[in-house]
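Residue-level structural notes
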Amino acid sequence: MVNGVEALRKWLSRIAAAAGALGAGLIVGGTALAVYSRCFASTRSLHKEWLDRGAWFTAGPGVEISVLPGYLATAAVLTGIAMLVTVAVVMVRVVRRWDSYLGLNALVALSTIGAVVVLPFMAVHYHLLEAYRLISFEYQLFEMLPTAIAAAGVLVAGTVLFVPIALRPAHTRTLPIQVLALLLTTGMLVSAGVAVAAVRLGDDQRNIEHTTASRTESAAVPDRLGAERYRIPIPIAPNYFGETAADDVVPAGAGFVIASAQGLTAYDGSTGLPRWHYLRRNVERDGRFGPAYIPRTLRPLDNGAIVLALWDQLGWIAFDASTGDTLWQGSDFTRDTVPGVSWEFPGSELRTDSEALILVSDNRIAGYDSRSGLRLWSTDTTTPDCKPSKSDVAATETVVYQISRCTNHSEFWFTSTVRDARTGVVIGTREVGRSAETNAPESVASIKRFGGVLVIWWLEMNDTHQIVFAMPQQFATTPVTDEKDYMPIGGDQAGTEALVDKSTHTDDGYNHDRLPVLELPEGAEKYTLTGPEPDYDSPLLFLSAEIVAVFRYGSTKSNPRSSLQSWSRDNGGPATDRPIASDNHTCDFTRLMAAPGAILALCVEDQSAELVGFGSVG
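What you are looking at is a predicted structure, and each value in this text was computed from that prediction instead of being measured.

Counting its regular elements, the chain contains seven helices and 37 strands. The buried share among the 618 residues of the chain stands at 51%. Partitioning the contacts of the chain with sequence separation of at least 6, the portion at a separation of at least 24 is 56%. A total accessible area of about 28400 Å² is found for the chain, and carbon and sulfur atoms account for 56% of it.

Below, the structure written as C-alpha cells:
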C-alpha cells in the first residue's frame, strides 16, 4: 500500500513538473506575443464605442470598449514581465536548491495571483467576446486586439500550469533536464502557433475579395444609339445611409463601374461582362454596416482611367479602372487637412464626367495627382479685394473653374477664376454681378457643366444671368446673356455645340417650344430638334452622330413607356427610339451615360433596377 501511494506521488510530481515546464514555455511565448501586440501590431483609431452592458466598478451603465485593445495589450505585457520574473526566481531556487524564496514569496504570490485574476477580470469587465465581435465587424481588421486576447489567454493558461512548480519547485527534479527543455520548447511552439493564428485573425485581407483584369484597349463610345445588347440587374438593398438607391454607376476603364455597399465591380462596356471587383465581406449585419462603401462617392478621374471611392473607416481608395489594381489609399489627398478649413470634394453631381482631383473650401483650393494622390498645389483664394465665401467649383482634366461671392460691406459681387489643374496657376479672372450689399442674401451663383460646355450662372436682383463658353480662352470675352433668352440643357464634349431651351414669351408665360442647337462660341443656331420634348431630369448625351435623351413616359401619349430617343446631329430630326423599362413599363428614376462600348440607361422601377446597355448599330 505504501509503495502504491509513493508511486502515485511520483507520477503526480512528474505531471506537475511537466505542466510547469510547459507553462513556463507558454509564459515566455505569451509575453513575447504581448510585446508584439503592444508595440508592433497594426492598430486602428477607434471612435468612442460603448456597450450598453453593466460594468464592474464603474458608475455608468455601459463600458467603453474602444480602449480595450490598448488596455488589454498593456495589461498582458505587464503580466508577462511579472511572470517571467517569477519563472526566473523559481528556476534559480531549483538550481541553487534553496529551501525558500528568501523573502521573494510575496513577489511570486502576487505575480501568480495577478496573472490568473487581472486578465480574466478585464475579459469579464469589457464583455470581451461581444466587444471583439462588435469591433471586428464595425472596423477594418487589425492585429492588436486579437493578439492581445491571444497573449492574455496564453499567459493565463501558462500561469495556471506553472502554479504547481511555483508552490513546490522540487517537482522539477523528478524529470530529466532534457524532458523539461523539450516541454519548455513545446510551450513556446504552442505560443508561436497561437500568435500566427491571432495575427491572421487581424489581417484585413481576409475580408476582401479583390480580383484584377489584364489591361485592354477601351472600345470607342458609340457614335449613335443602336440595339440593346444586355441588361444587368442591380439589387436594391438598404445602403450605408439606410437608402435604397441604385444609381452608383460611372463610365470608366473598359466600360463602367457599379458600386454597392460591398464595394466596386467593373464591367466591359461592349459585352456587359464583369472584369474585376473589389468587394468586402460581412459589411452588413442586423441592419448595421461595418466598413462599407459610402454611397455616391464613386467618381472617375483622368479621363476615366482611374476610379476613386470612399469607404467608412477605410477612407479613399483609388483603382486603375482598366485592371482593378489599387493605386493608392494613404496619400496627401486622404491626409491633407488645414486647421480651421472644412474641405469639400466638389462636383458630386458631375460623377459621369471625368475631372481633376480637387479639394475646395470657401477660401482655399488644392489640386492632387489622381494616379498617386500626391498634392500638386494648394493656394489661398483670398485677395486684398475679396474674402470669398460660398464658392462653387467645376473641373475638367486640364482646368478648374471657380466662382466665389465677395463683399466689402457696402457692395457684393462674384469673382470667377480659371486655374490650370496641374499647377494651380490662375489663367484668368472675371468679375460679374456687382450690386449693393442689401441684395446679397438673395444672390447665388453656381457653375454647371454639360459635356465640354461650361455655364457660369448667377442671380442678380431677381434676374438670372449666365456666361456660356467652352474654352478657357473664351472665358474673359464671352458676352453675358439672360437665362430668359435661353437655358443650356446639354453640350458636346468638344464644347462646339450646346442644346438650349429657348422660350417664347406669351400672355400666359413662357412656353418651352423650341430646342435649338447653338454653335459656340458665336451662339448661332445650327438647327432645332423636332419631335417629342425630352425629359430634362436626366442629362442629354451628345454622341458624334446623334443626340440622345430619356423619355420617362414615352415619346407618344398613346404608348406610355420609358425609352431613349435620338436625333441626328446633321439636321435635328428624330432618328431612333429604344425602350428601356422592362415589359414596356415606365421607370421611376432614369439616368443616361455614355461609356466605352455602350450607351447606358439606368432604370429604377419600384424595388428593382436594371442597367441597360446599347450598342451603336442594329
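So that's the structure; there's more coming.
Turning our attention to the sheet that holds strand β17 (residues 375–380). Taken together, the three strands give an open sheet; going across it, the order is β15-β16-β17, and neighbouring strands pair in antiparallel fashion. Looking at which strands have only one partner, the edges of the open sheet turn out to be β15 (357–360) and β17. Each strand axis lies, on average, 15° off the axis of its neighbour in the sheet, ignoring direction. As paired strands, β15 and strand β16 (residues 364–368) are joined by four bridges and run antiparallel to one another. Looking at β16, one finds that Val 360 is bridged to Ile 365.

Interaxial distance between helix α5 (residues 144–167) and helix α6 (residues 177–201) falls to 8 Å at its minimum, and their mutual angle equals 155°. Classified by the angle their axes make, α5 and α6 are roughly antiparallel. Judged by the sense of rotation from one axis to the other, the crossing of α5 with α6 is right-handed. Touching Pro 146, Thr 147, Ala 150 and Val 154 of α5 are Ser 191, Val 194, Ala 198, Val 199 and Leu 201, all from α6.

Let us look at the pairing of strand β5 (residues 249–252). Two faces, one strand: in a regular strand the side chains alternate between the faces of the sheet. Covered by surrounding structure in β5 are Val 249 and Pro 251 together with Val 250 and Ala 252, the residues of both alternating faces. Looking at chain direction, β5 and strand β6 (residues 255–259) are connected through four bridges and run antiparallel. The residue bridging Val 249 from the neighbouring strand is Ile 258, located in β6. Taking the residues between adjacent antiparallel strands as the criterion, β5 and β6 are bridged by two residues, where Gly 253 takes a positive phi near 60°.

Before going further, it helps to examine a nonpolar patch on the surface. Side chains of Val 28, Leu 84, Leu 184 and Met 188 sit close together on the surface and give an oily, nonpolar patch of about 260 Å² of accessible area. Tracing the chain through its elements places Val 28 in helix α1 (residues 2–39).

Here we take up the state of the cysteines. Such a bond, covalent and formed between the sulfur atoms of two cysteines, is termed a disulfide. Throughout the structure, instances matching the rule amount to one disulfide. Note that Cys 587 is cross-linked by a disulfide to Cys 603, the S-S spacing being 2.0 Å. On the S-S bond that ties Cys 587 to Cys 603, the torsion sits near -105°, and the link is left-handed. Of this pair, Cys 587 sits in the loop between β34 (574–579) and β35 (589–595) while Cys 603 sits in strand β36 (residues 598–605), placing them 16 residues apart in sequence. Given the relative accessible area of 2%, Cys 587 is considered buried. For Cys 603, a relative accessible area of 2% corresponds to the buried category.

Reading guide: rules and limits
- Residues numbered from 1 in each chain as written.
- Predicted model: local features only at pLDDT ≥ 70, side-chain atom pairs only at ≥ 80, totals over all residues.
- Heavy atoms only, no water.
- Helix = DSSP H or I, 4+ residues; strand = E, 2+ residues; numbered from the N terminus.
- Buried < 20%, exposed > 50% of the residue type's maximum accessible area, 1.4 Å probe, protein only.
- Contact = heavy atoms within 4.5 Å.
- Areas by Shrake-Rupley, 256 points an atom, 1.4 Å probe, with all protein chains shown as cover.
- Pairing = 2+ DSSP bridges.
- Axes fitted to C-alpha atoms, helices over the stretch in contact; angles between N-to-C directions.
- Parallel < 35°, antiparallel > 145°, perpendicular 65-115°, else oblique.
- Left-handed = near helix turned anticlockwise from the far one by under 90°.
- Patch = residues over 30% accessible without salt bridge, like charges linked within 9 Å, V, L, I, M, F, W, Y side chains within 5 Å.
- Salt bridge = Lys/Arg side-chain N within 4 Å of Asp/Glu carboxyl O.
- Disulfide = S-S within 2.5 Å.

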